[in-house]
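Descriptive analysis of the structure
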Amino acid sequence: MDVYFPLRKRSRTSASGEKFEQKKPSIEVLPDECLFEIFRWLRGGRERSSCACVSKRWLILVSNICKYEIRDNNIIHALNPKDESTNKKGGIVSEVEHNDVDSDGYFTRNLEGKKATDGGLAAIAVGTASRGGLGKLFIRGSNSWNRVTTVGLRAISRGCPSLRVLSLWNLSSIGDEGLCEIANGCHRLVTLDLCHCPAVTDKSLLAIAKGCPKLNDLTIESCANVGNEGLLALACCCPNLKSVSIKNCPLVGDQGVASLLSSASYSLTKLKLQALNITDEMFSVIGHYGKSVTDLSLTSLPNVSDKGFWIMGNSQGLQKLKSFTIASCLGLTDRGLEAVGKGCVNLKQFYIFKCDLLSDKGLVSFAKVAGSLESLQLEDCHRITQIGLFCSLLNCSAKLKVISLVNCLGVMDVTTGLPPLSPCESLQSLSIRNCPGFSDSSLAVMGKLCPQLQHVELRGLHGITDAGFLQLLKSCNAGLVKVNIKDCVNLSDKGVCRLTNLHRWTLETLNLDGCKISDASLFAVAENCRLLGDLDVSKCAITDSGIAALAHSDLINVQILSVSGCSMVSDKSLPSLRNLGKTLLGLNLQQCKAISRSAIDLLVQQLWRCNILF
């Protein structure tokens with residue numbers, strides 16, 4: 001029998017007589033400088049990637065090789081032309097094998113939580129360098145000890161010159177040094193997103209301004225050490241900014257934001273300012289220099305008064321503004337709102353949230369002058385009443401298509417004080433959510449005012465009953481397409497059956513979640529609704545019989561079905577659900593306690609194309 005005995009290391013004896021084993025020579029004893037010089041001579045990205053897999057040390061070294069530091073392949077070819085011309089199989093080696101592909105930034109990479117480390121960034125830098133280059137990088141940090149530092153961003157800077165989009169979130173370990181590395185190597189950067197990076201200061205923005213002049217999309221959020229100086233630098237060096245969003249930066253004031261607006265007045269299209277220490281003077285700058293702004297959002301600006309809104313509207317500079325959001329601004333009053341309506345002649349979408357001083361008078365005045373308005377959304381505006389809503393519809397633009405009221409406690413039924421009603425023929429979508437004073441009489445008036453409604457959302461309105469709902473249904477001449485009456489606990493089968501009968505040829509989406517309905521509504525749906533594709537009957541008193549009626553109908557082709565929380569739907573519905581699976585793409589069976597786990601497992605196997613929640 002052959003026996004293998006591995007060779008033992010040869011022993012040596014020192015002068016004192018002590019024996020020690022002779023160690024094999026290792027490349028690891030070479031200093032970083034020598035290894036770095038060796039890696040520079042590698043023929044292409046594939047070879048460097050292979051070396052990066054050996055150890056973390058080699059990975060960091062390879063990732064720190066800049067493209068211009070790689071030895072010219074012509075020199076390598078001159079040293080060994082035969083090896084360069086053929087591969088092991090005797091074929092011609094393509095240039096892609098030896099040379100890095102031109103880095104145009106094709107790849108997108110995301111690192112989140114514990115995966116956001118320097119090693120991960122180094123691997124990305126090496127792995128994407130020879131395959132088209134890294135174009136977008138999103139890093140969401142964590143509080144773990146192994147975090148992203150300057151080392152990781154240096155690897156990206158040197159290995160990914162094609163980087164165009166960089167997003168850094170919740171990275172307390174990243175400071176000015178890391179962003180300076182990015183500025184020095186990623187000159188193609190066009191989008192920068194900094195959120196919750198407390199160590200970043202104006203020094204970082206100064207470096208970005210000098211190194212990344214093509215920047216056109218900037219987001220800075222919750223960076224307490226970023227102020228006006230950094231924004232001034234960006235204004236000087238980045239004149240092509242198209243989108244700017246600054247939120248919760250206490251050191252940012254009028255000077256910094258004004259410089260950005262004035263320098264990019266012909267390119268800036270989107271501007272979002274939130275929780276900043278800006279004043280009325282800044283609003284005058286917006287009104288004067290916002291010549292190209294199409295989307296404007298102003299949120300939580302405590303130092304801005306009614307004067308600021310009035311000046312901004314009367315400056316006549318926001319001629320191209322199409323979408324406007326004002327949230328939690330106590331300075332917005334009726335006078336300021338009217339001025340905004342007059343100054344923003346092309347405004348199409350307007351969203352107002354938590355503006356406590358706004359009343360019916362301002363809303364009606366705005367509706368009269370906003371000639372291009374298509375969508376109006378009001379949320380937590382408690383001084384707006386029924387009269388303001390109805391009068392706004394009477395005086396609104398002929399283009400108004402969407403109106404939404406959310407959590408407006410001042411909306412209550414009124415029977416007197418209403419002017420003569422003339423229909424608003426343009427309105428197609430109505431949404432009333434969590435307005436407890438809105439009930440049957442208000443719904444009947446809305447039906448007369450808006451005969452062309454196609455989308456209706458009435459959520460959490462306990463004052464709505466079948467009587468008011470029927471009045472609305474009779475007035476909708478265009479045919480309802482989407483109906484959402486979630487948590488309207490006083491609507492029953494009577495209203496739903498009438499809905500399916502009157503609008504059988506148009507209804508596509510129906511949400512009955514939390515309503516007081518039974519199998520009778522499902523029978524009506526199965527009999528009438530040919531176009532219905534999305535049905536939600538969660539937390540309703542339906543049974544297996546209702547599901548069977550849907551399954552046996554030859555008319556409907558439901559694609560999304562939710563029966564979540566329907567305690568009377570059991571395993572008996574398994575054949576019906578399997579039959580519905582011919583068209584189903586989504587099925588929600590969460591909290592259906594009468595359906596066993598074995599039945600669900602079987603259903604998952606049979607409806608393999610359907611996304612099932614359980």
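Structure: above.
The structure reproduced in this document is the subject of the present report. (Residues numbered from 1 in each chain as written. Predicted model: local features only at pLDDT ≥ 70, side-chain atom pairs only at ≥ 80, totals over all residues. Heavy atoms only, no water.)

**A closer look at the packing of helix 13 (residues 280–289) against helix 14 (residues 306–314)**
Closest axis-to-axis distance for the helix 13/helix 14 pair is 8 Å, and the angle between their directions is 15°. By the criterion of interaxial angle, the relationship of helix 13 to helix 14 is roughly parallel. Taken as a pair, helix 13 and helix 14 cross one another with a handedness that is right-handed. On helix 14, the residues touching Asp280, Phe283, Ser284, Ile286 and Gly287 of helix 13 are Lys307, Gly308, Phe309, Ile311 and Met312. (Axes fitted to C-alpha atoms, helices over the stretch in contact; angles between N-to-C directions. Helix = DSSP H or I, 4+ residues; strand = E, 2+ residues; numbered from the N terminus. Parallel < 35°, antiparallel > 145°, perpendicular 65-115°, else oblique. Left-handed = near helix turned anticlockwise from the far one by under 90°. Contact = heavy atoms within 4.5 Å.)

**Things to note about the side chain of Ser243**
Within the secondary structure, Ser243 sits in strand 8 (residues 243–247). On the basis of relative accessible area, Ser243 is assigned to the buried category, the value being 17%. Look past the residues within four positions of Ser243 in its chain and what remains in contact with it is Asn216, Asp217, Leu218, Leu268 and Lys270. (Buried < 20%, exposed > 50% of the residue type's maximum accessible area, 1.4 Å probe, protein only.)

**Let's talk about the pattern of salt bridges**
In a structure, side chains of opposite charge can pair up when their charged atoms sit close to one another. Under the counting rule described, the total for this entry stands at nine salt bridges. Measuring nitrogen to oxygen at the nearest pair gives 3.1 Å for the salt bridge that ties Asp601 to Arg597. With Asp601 and Arg597 both in helix 24 (residues 597–606), this residue pair falls four residues apart, about one helical turn. For Arg597, a relative accessible area of 53% corresponds to the exposed category. The network of salt bridges with shared partners includes Arg154, Glu177 and Glu181. (Salt bridge = Lys/Arg side-chain N within 4 Å of Asp/Glu carboxyl O.)

**Quick notes on unusual backbone geometry**
The backbone of Ser222 shows a phi angle near 55°, a positive value even though the residue is not glycine. Structurally, the position occupied by Ser222 is in the loop between strand 7 (217–221) and helix 11 (228–237). Residue Ser328 is not a glycine yet carries a positive backbone phi of 55°. Here Ser328 shows up in the loop between strand 11 (323–327) and helix 15 (334–343).

**Focus: helix 18 (residues 440–449)**
An α-helix turns once per 3.6 residues; consequently, residues spaced three or four apart project the same way. For helix 18, the buried fraction is high: seven of the 10 residues fall into the buried class. In the core, the buried residues of helix 18 are packed alongside helix 17 (386–395), strand 15 (429–433), strand 16 (455–459) and helix 19 (466–475).

**A closer look at the pairing of strand 15**
Where burial is concerned, most of strand 15 is hidden: four out of the five residues are buried. Two strands pair when backbone bridges link them, and strand 14 (residues 402–406) and strand 15 are joined in this way by five bridges, in the parallel orientation. Considered in strand 15, the bridge of Ile403 is made with Leu430. As judged from the five bridges shared by strand 15 and strand 16, these two strands associate in the parallel manner. Across the sheet, Leu430 pairs through a bridge with Val456, a residue of strand 16. Once the chain exits strand 15 it traverses helix 18 before rejoining the sheet at strand 16, and the crossover so formed is right-handed. (Pairing = 2+ DSSP bridges. Right-handed = clockwise from strand over helix to strand, strands pointing away.)

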